[in-house]
Amino acid sequence: MASAAASDPVSRRPGIARTVLSADDITRIVSRMAHQILEKTSGGAGVVLLGVPTRGVPLAHRLAQRVQAVEGVDLPVGSLDPTMYRDDLRLRGVRPLEVTEIPDGGVDGRVVILVDDVLYSGRTVRAALDALAAYGRPRTVQLAVLVDRGHRELPIRADYVGKNMPTSRRESVAVRLREIDGADGVLIVSPEASPTGAAAGPGDRS
Amino acid sequence: MKRHLLSTEDLGRDDALLVLDTAERMARVAEASVRKLPTLRGRTVVNLFFEDSTRTRTSFEVAAKRLSADVINFSARGSSVSKGESLKDTAQTLEAMGADAVVCRHSASGAPHRLATWVRGSVVNAGDGTHEHPTQALLDAFTMRRRLGRVDGLAVTIVGDVLHSRVARSNVWLLATLGASVTVVAPPTLLPIGVSSWPVEVSYDLDAVLPKTDVVMMLRVQRERMSAAFFPTEREYSRRYGLDVDRAATLPEHALVMHPGPMVRGMEIASRVADSDRSTVVEQVANGVSVRMAVLYLLLGGSGEVS
């Protein structure tokens, strides 16, 4: 959800986009995060990766591939759609639902790592934690994000951060992944200096 | 998605597919260990049933409760409706109580359409007279898609009392929208006059149609709506238009047998056919909850503005 919320305004709103991470940068970052996950979880013991749709899912698969390449461990990968647990459903039109796919073996007693592309207000993660509780009781839940852009509205932090990216609330962060967008890259889009580029409303939080 | 769900005739292909896709996600919720979602917390759904219905009302009630909506059941019997209150006054009462959605079943065709002009909330047609029953058609299409992988290109045969059946009408429009080819089979007396304008083939010979059928949908003979003799005897009807074991054997291997319920075993469908592997009768009930969750979510899940 974070990615969809972050990328839609980009295509709608005119502005100046600058690339902050290239495809090679993303590859290196994902590789480093995979190592950090292995380090922190003693070789991935009991780990389940759950991507938050849309772009958290391919990221979760990429992390699993890197972990496989480094350590030869196959981590279960799934997806978790937090949409129906969001607290801002009434703030805009109805959101389409995404796929929730809990891997065989479930989440009970596991180390669940939620994977998302952008961490912003923290509300998506809060919703995802509630959604996760419907599927079982993990031993630990951790959070991995490609980009942390700040502006948290809830007491939530990530355990694995690809890139800390200070932004203004008026900017939007667009993560592009080849599985969905055809090419990799992270862009920051600033609104044009005109007064029409009003600050992003609460509906744009991810 | 529009604000109301009143018929499948004016339901576009994109909206219909959105309901089916959303229902697919809702069906997955049934697999979670906690089968309740907070999505519609604080919203009120009123079940306004002027006609008896256990199956549909319960299905809507379960769907709304799984989404954490508050459900008020309002049946005509034992309410002020039996004291002569008009539909409009009832609507205003519900309005004053703050209903976000009204699920309406009425014996008069078009009643939910009228209701929709009087209330601020969303209206879902749960069957009006002999007109439409859109959520039934949506759950039928959903069942076909889950079992056979698609609706587009399927040959669907609807058999029986088409004249009085709102299920048949809703299915005809929805299936046409989704790209299935529909054949209706019935005695001439149980076909409506306007059937030639429907997007269907008409046949009077069930045996000729069955071998080319992917899905056969049996309809109940609605005695309560019959004011005249539409066929000579039940036995003759059953012989010509009932799905017995021998007839069912002429269906292709993959073909499904559907029935919206309630079934009259031995009349339009033989017990052994209704209980066979190709029968989806029980599945249709489970799928009904998923589809109604999807409809309620799509109507009430957002800010109410058309996005």
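In this text, all values refer to a predicted model and were calculated from it rather than measured experimentally. (Residues numbered from 1 in each chain as written. Chains lettered and ligands numbered in written order. Predicted model: local features only at pLDDT ≥ 70, side-chain atom pairs only at ≥ 80, totals over all residues.)

## Let's talk about the nonpolar core
Phase 1 of the analysis: In terms of nonpolar packing, the biggest core is built from 148 residues, with L49, L63 and L114 of chain A together with V102 and L296 of chain B touching the most fellow members.
Phase 2 of the analysis: Of the residues forming this core, the biggest block, 10 residues, is contributed by helix α11 (residues 281-300) of chain B.
Phase 3 of the analysis: Looking at this core, you find at least three residues from each of domain 1 (13-132 + 285-300) and domain 2 (134-280) of chain B.
Phase 4 of the analysis: Residues contacting L114 of chain A, with those up to four places away along its chain left out, are L50, V52, L80, V125, A128, V141 and L143 of chain A. (Core = buried A, V, L, I, M, F, W, Y, C linked by C-beta atoms within 7 Å. Buried ≥ 20, exposed ≤ 12 C-beta atoms within 10 Å, placed from the backbone. Helix = DSSP H or I, 4+ residues; strand = E, 2+ residues; numbered from the N terminus. Domains from an automatic or database assignment. Contact = placed C-beta atoms within 7 Å.)

## Looking at the domain arrangement of chain B
Residue and element names in this part refer to chain B.
Phase 1 of the analysis: Domains assigned within chain B are domain 1 (13-132 + 285-300) and domain 2 (134-280).
Phase 2 of the analysis: Between the C-alpha centres of domain 1 and domain 2 the distance comes to 26 Å.
Phase 3 of the analysis: Opposite the 20 residues of domain 1 that make contact, domain 2 presents 17 residues.
Phase 4 of the analysis: Taken together, the elements giving at least two residues each to the side of domain 1 that touches domain 2 come down to α1 (13-29), β4 (122-128) and α11.
Phase 5 of the analysis: Here the residues of the side of domain 1 that touches domain 2 sort into eight nonpolar, seven polar and five charged. (Nonpolar A, V, L, I, M, F, W, Y, C, P; charged D, E, K, R; others polar.)

## Overview of the pairing of strand β8 (residues 185-191) of chain A
Residues and elements named next belong to chain A.
Phase 1 of the analysis: One ladder, built from six bridges, connects strand β1 (residues 15-21) with β8; its direction is antiparallel. Counted as the bridge partner of A17 is V189 from β8.
Phase 2 of the analysis: Note that strand β7 (residues 172-176) and β8 share five bridges and pair antiparallel. Within β8, the residue paired with A174 across the bridge is L187. (Pairing = 2+ DSSP bridges.)

## Here we look at the sheet that holds strand β6 (residues 181-185) of chain B
Residue and element names in this part refer to chain B.
Phase 1 of the analysis: Strand order in the open sheet formed by five strands is β7-β6-β5-β8-β9, with parallel pairing between adjacent strands. Strand pairing shows two members of the sheet lacking a second neighbour, β7 (200-203) and β9 (256-258), which therefore form its edges. Each strand of the sheet is rotated relative to its neighbour by a mean of 20 degrees, with strand direction disregarded.
Phase 2 of the analysis: Where strand β5 (residues 155-159) meets β6, five bridges bridge the pair, whose relative direction is parallel. Within the sheet, the bridge partner assigned to V156 lies in β6 and is V182.
Phase 3 of the analysis: Helix α6 (residues 166-177) rests against β5, β6, β7 and β8 (215-218) of the sheet, and its axis sits at about 155 degrees to β6. (Axes fitted to C-alpha atoms, helices over the stretch in contact; angles between N-to-C directions.)

## Some details on the confidence of the model for chain B
Phase 1 of the analysis: Here chain B averages 92 in pLDDT, while 97% of its residues score no lower than 70.
Phase 2 of the analysis: Confidence estimates for the predicted assembly give a pTM of 0.90 and an ipTM of 0.86. (pLDDT = per-residue confidence, 0-100.)

## Re helix α3 (residues 56-71) of chain A
All names here are of chain A.
Phase 1 of the analysis: Its 16 residues place the ends of α3 22 Å apart at the C-alpha level, agreeing with the 22 Å of an ideal helix rising 1.5 Å per residue.
Phase 2 of the analysis: Among the residues of α3, G56, V57, P58, L59, A60, R62, L63, A64 and V67 are the ones counted as buried.
Phase 3 of the analysis: Looking at the packing, one finds that the buried side of α3 touches α2 (23-40), β2 (47-51), β3 (77-79), β4 (111-119), β5 (140-148) and α5 (178-181).
Phase 4 of the analysis: Where α3 terminates, the next one or two residues include G72, which has phi positive at roughly 75 degrees. (Expected span 1.5 Å × (residues − 1).)

## Points about the sheet that holds β7 of chain A
Residues and elements named next belong to chain A.
Phase 1 of the analysis: Here three strands make up an open sheet; going across it, the order is β1-β8-β7 and the pairing antiparallel. Each end of this open sheet is capped by a strand with a single partner; those strands are β1 and β7. If you compare each strand with its neighbour and ignore which way they point, the axes differ by 25 degrees on average.

## Here we look at the packing of helix α3 (residues 87-97) of chain B against helix α4 (residues 111-118) of chain B
All names here are of chain B.
Phase 1 of the analysis: Where α3 contacts α4, the two axes come as close as 10 Å, and the packing angle between them is 45 degrees. In terms of orientation, α3 and α4 fall into the oblique class. Handedness of the α3/α4 crossing: right-handed. Seen from α3, the contacting residues are L87, K88, A91 and Q92; seen from α4, they are A111, R114, L115 and W118. (Parallel < 35°, antiparallel > 145°, perpendicular 65-115°, else oblique. Left-handed = near helix turned anticlockwise from the far one by under 90°.)

## Focus: the interface of chain B and chain A
Phase 1 of the analysis: Taken together, the contact pairs 17 residues of chain B with 13 residues of chain A.
Phase 2 of the analysis: Here the element with the most residues in the side of chain B that touches chain A is α1 of chain B; it accounts for three residues.
Phase 3 of the analysis: For the side of chain B that touches chain A, the per-class residue count stands at seven nonpolar, seven polar and three charged.

## Structural notes on unusual backbone geometry
Phase 1 of the analysis: The step from P53 of chain A to T54 of chain A runs through a cis peptide bond, and the omega angle for that step is 5 degrees.
Phase 2 of the analysis: Note on placement: T54 of chain A falls in the loop between β2 and α3.
Phase 3 of the analysis: A cis amide bond, omega -10 degrees, links G261 of chain B with the succeeding residue P262 of chain B.
Phase 4 of the analysis: With respect to the secondary-structure elements, P262 of chain B resides in the loop between β9 and α10 (271-274).

## Quick word on the packing of helix α5 (residues 134-148) of chain B against α11 of chain B
Geometrically, a packed helix pair is captured by the angle between its two axes and the distance between the axes.
Residue and element names in this part refer to chain B.
Phase 1 of the analysis: Between α5 and α11, the least distance of the axes is 8 Å, while the angle of their chain directions is 115 degrees. Read as a crossing pair, α5 and α11 show a hand that is right-handed. Residue-level contacts link T135, L138, L139, D140, F142 and T143 of α5 to E283, Q284, N287, G288, V291, R292 and V295 of α11.
Phase 2 of the analysis: A class-by-class count of the residues in the contact of α5 with α11 yields five nonpolar, five polar and three charged.

## Some details on the confidence of the model for chain A
Residues and elements named next belong to chain A.
Phase 1 of the analysis: With 86% of its residues at a pLDDT of 70 or more, chain A shows a mean pLDDT of 89.
Phase 2 of the analysis: Ignoring residues within four places in sequence, the model shows residues 1-10, a span with pLDDT below 50, making 33 contacts including any to other chains.
Phase 3 of the analysis: Confidence drops under pLDDT 50 across residues 196-206; counting only partners more than four residues distant or on other chains, this segment forms 28 contacts.

## Re the environment of T41 of chain A
Residue and element names in this part refer to chain A.
Phase 1 of the analysis: Here T41 is to be found in the loop between α2 and β2.
Phase 2 of the analysis: When the C-alpha atoms of T41 and V111 are compared, they prove to be 8.2 Å apart, with 70 residues separating the residues in sequence.
Phase 3 of the analysis: Those residues in contact with T41, other than ones at most four positions away along the chain, are V47 and V111.

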